[in-house]
Amino acid sequence: MAAKRPTVALLTDHLTGEYQSEVRFGVERAAEEHDVNLLVVFGETNARSGYSMMPTTSIYPLISAETVDGVVILSSALTNHLGTERTHAFCRSYAPLPMCSVGLALDGVPSVIVDNARGAETIVAHMLDDHACQRVAYISGPPSNEEATLRADAYRRALAARSIPYDERLFVSGDFLIEGGRRAMRELLARRVDFDGVIAGNDNMALGAMDEIKAHGLDVPGDVLVCGFDDVAVSRVTKPSLTTIRQPIKQLGALAVAKVVRMIRGERVPECSLLPVELTRRESCGCGYYATVPRTSARAFAAAPAAHGPPSLADQRDAVERALASAVRFPGAPRRAWPGELLSALEEELAGQEGRFLQALKRVLDDATREGVALDQFQGVVTLLRARLRRACAGAQHEDVERLWHACRALIAHASTRAEAERRLHLERASVHLSWTGRCLSTSLSLPLLRRTLAAELPGLSLTRAAVSVYDDPGRATLRPLFLMEDGREVEPPRGSFPARRLAPPGFLGAAERWSVFAMPITFGEAEHYGIAALGSGANEVVYDTLRLQLGSALKAVAMHREIVREVEIRERLEQEQRRQESVVAQHIQTKLVPPRLAIEGLDLCAFMRPAAEVGGDYYDVIGTPEGGWIGIGDVAGHGLAAGLVMLMIQSMVAAMARREEAMSPAEIVSALNQALHDNIRGRLKRDEHATLVLLRYERGGRVTFAGAHDDLIVCRASTRRCTCIPSSGVWVGVLPSIDAMTRDAELVLEDGDVLVLYSDGVTEARNVHREQFGIERLCAAIEATQAEPVDAIRDRILRDVEGWCPSPDDDITIVVARYHAPPGAR
């Protein structure tokens, strides 16, 4: 009987960070090389400064010897959330499992780290000694991160070694994120202190700092030199390309897996492995972007000249192979002995077999691309070989060899460009499909429909294995299978529950073939935990992060819909037994959906909703986003239970799509909502309700895009204090199966001080004792009379006028008032 294949877990905070991505790539390649299963576990996405992962309530405590045989912990990333002491405790909690810490040296825990101090001292020395900078600023990582502290301390030591006083005004803290680099640079510029160079504690902050420097009209490197640390992939393709300290990120992950595998086999491993770093010169410091040859590689060619003329290529073959191998970093053991293959092909080329070397180089580049190697490193290989053959070739052969090197450099450049283009194409395809998947999931309002959606959409995301399970008890100790896919086809999941610490249904993590699986918690927000998803490898990394959020939103929508249906049943029974009690419950449901806080940057907001005695279906919502926000208002035709139910459906679906699908336009959201609403009302409820709805997307610059059909939008201009009525020209939602062809986006532009008023027909159709309607003219008059007053005063004036006109309205009344404040630079 064959021995059970070991399983190694990689614990990380999230997937899409440049550093996390490259470590994971190295871990994946090493797991394949060592023939072990890989379980990638992450619990937090879109990590931000000051955000705690709360590891005791997330997925991490479920990882144990029951599921895995060893653990690789990306402690350098986790410490940003937990701090050093809690990270130490977090890692030790997995004892006695074999484990290895990546990026952070822990007492008693095998670790793989890089020489952070040496790297930081090298980059500071480059700025001060090679470029003669006098005032070098430093952007540090989070104080809770040990690597950040080591690099910052090395910066101070390098200054002291050169008798340069440390100026605390040139030191600012960031958070290892691009936006953190922008904020740090804004803070540095606001101090109005002179500096001629900037070093950031990682590449992301350096890239953000460069963006901010250029935004202030300064040139990099003309006015300010910038350097980073890590050498993540994007640093090679930015403009200008980033000078940085290259740390072997993929090798860190590969070495960590190798250590854990050795420990699983009972072998002893070094407690701490220190990997070297090296300076990579590019454009941001003024050195230019050129292939450099490591000194250790260059020394391989420093042999004494032969007695009978220049040495041949074969004279130093072993030394040349070692030099070539050290010039290119593979994350693990290369699949072929490429240096020897290249040298043999070069000898054949020099012997007259034209084209052999380029063919061999192309094969090596193809292998390197699959292994995630930075192909620009092969320019250093050409530099090495060219230097070696410079004396050995003369005359016509020298000219032929020079043409060969030119062709090699062109081939490498083309392969590097193609690899980056393919990566971007895969990302674009994944993003497009994710957008469609999110739209489908956001309108899957039942578990059977959710399962059908997953079965239809996951293969398009390159996911052929998946297990989605939901918690079966309040304590989250057991899971119940919800959806299971094998080989791209949905299969019937096993019945009953299973322990949550197993992460997936029995057998899913026990396949005979070697597997890689991503395990992630399904949550909505920070408090609502629904279950765990285990997804096979093969998809673009953005798929896992985004799909986790989409699944959480979908299960939240299902729960809300289930609650809505439950409320429908309750209300129908109450209507049969006691109409008054039913009205009380319905009114409570409607008012509870009113947003508790109205906050959108650039808008003063206030609102009012008062249900009628017989509750109707008025709806409004306010959703803030980083770019502005969404405002929706609508009215379900009719009154009573069904109208309230439709209103609840509208609120839940609009909120889910607006928050999770920011790229969708108002027209796209209204069209998607209409399709789901029509299916629910006609197909499930067997009703004919419909609703007016207008959805507005507000942008900070004052542009408002809107779609749908509802009462006119009123804009009272600050410049004239006169109202303009803007019609919404769409169609009602819920009447037709599809309204795509009839739903278009329209726009209006708010200027500083303009007032936007949205309202339901309970305002304009309120009737006095003579059955005369209040009307749009009286509404505009009330707004114009109070245009300069605060928004709550405008709202209260409208309410007083309506109540004076109609003391006992028989329809819901909803009013939303917003005053726009333009950004300071736009006024």
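The rules behind each value
- Residues numbered from 1 in each chain as written.
- Predicted model: local features only at pLDDT ≥ 70, side-chain atom pairs only at ≥ 80, totals over all residues.
- Heavy atoms only, no water.
- Pairing = 2+ DSSP bridges.
- Helix = DSSP H or I, 4+ residues; strand = E, 2+ residues; numbered from the N terminus.
- Axes fitted to C-alpha atoms, helices over the stretch in contact; angles between N-to-C directions.
- Contact = heavy atoms within 4.5 Å.
- Buried < 20%, exposed > 50% of the residue type's maximum accessible area, 1.4 Å probe, protein only.
- Arc of directions from axis to C-beta.
- Left-handed = near helix turned anticlockwise from the far one by under 90°.
- Patch = residues over 30% accessible without salt bridge, like charges linked within 9 Å, V, L, I, M, F, W, Y side chains within 5 Å.
- Areas by Shrake-Rupley, 256 points an atom, 1.4 Å probe, with all protein chains shown as cover.
- Salt bridge = Lys/Arg side-chain N within 4 Å of Asp/Glu carboxyl O.
- Polar contact = N/O pair within 3.5 Å; in protein donor to acceptor, adjacent residues only side chain to side chain.
- Parallel < 35°, antiparallel > 145°, perpendicular 65-115°, else oblique.
- Nonpolar A, V, L, I, M, F, W, Y, C, P; charged D, E, K, R; others polar.
- Phe/Tyr/Trp six-rings, centres within 6.5 Å; stacked < 30°, edge-to-face > 60°.
- Lys NZ or Arg CZ within 6 Å of the ring centre and 35° of its normal.

Enquirer: How should I be thinking about the sheet that holds strand S23 (residues 703-709) in this particular structure?
Expert: Whenever strands of a sheet pair, they do so through backbone hydrogen bonds, lying parallel or antiparallel. Across the sheet, five strands lie side by side as S20-S21-S22-S23-S26; this open sheet has antiparallel pairing. Only two strands of the sheet have a single partner each, and these edge strands are strand S20 (617-625) and strand S26 (746-749). Recorded for the sheet is a direction-independent mean angle of 15° between the axes of neighbouring strands. Relative to S23, strand S22 (residues 691-699) is paired through six bridges, and the arrangement is antiparallel. Across the sheet, Leu-693 pairs through a bridge with Ala-709, a residue of S23. In this fold helix H19 (residues 666-684) packs onto strand S21 (628-636), S22 and S23, with an angle of close to 150° to the strand it touches most, S22.

Enquirer: What should I look at first to understand the environment of Val-817 in this one?
Expert: On the secondary structure map, Val-817 appears in strand S28 (residues 813-820). Not counting chain neighbours up to four residues away, the residues in contact with Val-817 comprise Asp-604, Leu-605, Cys-606, Val-755, Leu-756, Val-757, Val-791, Ile-794 and Arg-795.

Enquirer: Explain the sheet that holds S28 to me, please; I cannot follow it from the model alone.
Expert: Within the open sheet, the five strands sit side by side as S19-S28-S27-S24-S25. Their pairing is antiparallel. Each edge of the sheet is formed by a strand with only one pairing partner; in this case those strands are strand S19 (603-610) and strand S25 (723-726). Adjacent strand axes in the sheet meet at a mean angle of 15°, parallel and antiparallel pairs treated alike. Taken together, the four bridges between strand S24 (residues 713-716) and S25 define a ladder with antiparallel strand orientation. Bridge pairing links Leu-713 to Ile-726 in S25. Along the sheet, helix H21 (residues 775-785) contacts S24, S25 and strand S27 (755-759); its crossing angle with S24, the most-contacted strand, is approximately 30°. In the packing of helix H22 (residues 791-805) onto the sheet, contacts are made with S19, S27 and S28, and the angle to S28 comes to roughly 150°.

Enquirer: Please clarify how helix H15 (residues 447-457) should be interpreted in this entry.
Expert: Because each turn of an α-helix spans 3.6 residues, side chains separated by three or four positions in sequence point in the same direction. Leu-447, Leu-450, Thr-453, Leu-454 and Glu-457 are the residues of H15 that are buried. All buried residues of H15 lie within an arc of 115° about the axis, which places them on one face of the element. Opposite the buried face of H15, at more than 90 degrees from it, the exposed residues are Arg-452 and Ala-456.

Enquirer: Explanation requested: the packing of H21 against H22 in the structure shown.
Expert: Any two packed helices are characterised by how steeply their axes cross, that is the angle between the axes, and by the distance between the axes. Running from N to C, H21 and H22 point in directions that differ by 145°, and their axes come no closer than 9 Å. The way H21 lies across H22 gives a crossing that is right-handed. Judged by residue contacts, Arg-778, Leu-779, Ala-782, Ile-783 and Ala-785 of H21 engage Ile-794, Arg-797, Ile-798, Asp-801 and Trp-805 from H22.

Enquirer: Got a minute to help me understand a nonpolar patch on the surface in this structure?
Expert: A grouping of Trp-732, Val-735, Leu-736 and Met-742 is seen on the molecular surface, where their side chains present a nonpolar patch of about 350 Å² in accessible area. Looking at the secondary structure, you find Leu-736 in the loop between S25 and S26.

Enquirer: What should I look at first to understand unusual backbone geometry in this one?
Expert: Cis geometry marks the peptide bond from Val-220 to Pro-221; its omega dihedral reads 10°. By the secondary structure assignment, Pro-221 is in the loop between helix H7 (203-215) and strand S9 (225-227). Omega for the peptide link from Lys-239 to Pro-240 comes to 0°, which places this bond in the cis form. Summarising the element assignment, Pro-240 is placed in the loop between S9 and strand S10 (244-246). Of note, Asp-231 is a non-glycine position whose phi angle comes to about 65°, a positive value. Turning to its location among the elements, Asp-231 is positioned in the loop between S9 and S10. Despite not being glycine, Asp-487 has its phi angle at roughly 55°, a positive value. Structurally, Asp-487 is set in the loop between strand S14 (478-486) and strand S15 (489-490). The class of Asp-487 is exposed, set by a relative accessible area of 65%.

Enquirer: Whenever I open this one, the pattern of salt bridges confuses me. Can you help?
Expert: Working definition: two side chains of opposite charge can pair if their charged atoms are close together. Taken as a whole and judged by the stated rule, the model has 43 salt bridges. The shortest N-O distance in the salt bridge between Arg-356 and Glu-348 comes to 3.1 Å. On the basis of relative accessibility, which here comes to 32%, the residue Arg-356 falls in the partly exposed class. Here Glu-567 makes a salt bridge to Arg-566, at a shortest N to O gap of 3.5 Å. Note on Glu-567: relative accessible area 15%, which makes it buried. Taken together, the shared-partner salt bridges connect Glu-179, Arg-182, Arg-186, Asp-211 and Glu-212 into one network.

Enquirer: Is there a simple way to think about the side chain of Gln-651 in this case?
Expert: Relative to the helices and strands, Gln-651 resides in helix H18 (residues 641-660). A polar contact is formed between the side chain of Gln-651 and the side chain of Asp-621, at a distance of 3.2 Å.

Enquirer: Would you mind showing me how to read the packing of helix H10 (residues 317-327) against helix H11 (residues 338-350) here?
Expert: Remark: H10 packs on H11, axes separated minimally by 9 Å, with the N-to-C direction vectors making an angle of 125°. In terms of orientation, H10 lies oblique with respect to H11. Of the two elements, H10 crosses H11, and the hand of that crossing is right-handed. Across the interface between the two elements, Arg-317, Val-320, Glu-321, Leu-324 and Ala-325 from H10 touch Trp-338, Pro-339, Gly-340, Leu-343, Ser-344 and Glu-347 from H11. Within the contact of H10 with H11, the residues separate by chemical class into six nonpolar, two polar and three charged.

Enquirer: Whenever I open this one, the packing of aromatic side chains confuses me. Can you help?
Expert: What describes a pair of aromatic rings is the distance from one ring centre to the other and the angle between the planes of the rings. Following the criterion strictly, the structure yields 12 aromatic pairs and no others. Taking the centre distance of 4.8 Å and the plane angle of 20° together, the rings of Tyr-138 and Tyr-155 count as stacked. Taken as a pair, Tyr-138 in strand S6 (residues 136-140) and Tyr-155 in helix H5 (residues 146-161) lie far apart in primary sequence, 17 residues in all. By relative accessible area, which is 3% here, Tyr-138 ends up buried. The exposure class of Tyr-155 is buried, given its relative accessible area of 1%. Pairing Tyr-138 with Phe-171 gives two aromatic rings, centres 5.8 Å apart and planes at 20°, and the pair type is stacked. You can see Tyr-138 sitting in strand S6 and its partner Phe-171 sitting in strand S7 (residues 171-173), a full 33 residues away along the chain. One aromatic cluster in this structure is built from Tyr-138, Tyr-155, Tyr-166 and Phe-171. Taking NZ or CZ as reference, Arg-156 lies 4.6 Å from the ring centre of Phe-171, over its face. The ring of Tyr-471 has Arg-476 sitting right over it, with the charged end atom 5.8 Å from the ring centre.

Enquirer: Would you explain the pairing of S14 in this entry?
Expert: If a strand is regular, its side chains alternate between the two faces of the sheet. Bridge count for strand S13 (residues 466-471) against S14 is six bridges, and the pairing is antiparallel. Pairing of Ala-467 across the sheet is with Leu-484, part of S14. Joining the antiparallel neighbours S13 and S14 is a turn of six residues, in which Arg-476 adopts a positive phi near 60°. Pairing analysis gives two bridges linking S14 to strand S16 (residues 498-499), with the strands arranged antiparallel. Note that in S16 the partner of Leu-479 across the bridge is Phe-498. Where S14 and S15 come together, two bridges link them in antiparallel fashion. Its bridge partner being in S15, Glu-486 is matched across the sheet by Arg-489. The antiparallel pairing of S14 with S15 creates a hairpin that spans two residues between the two strands, and Asp-487 there sits at a positive phi of about 55°.

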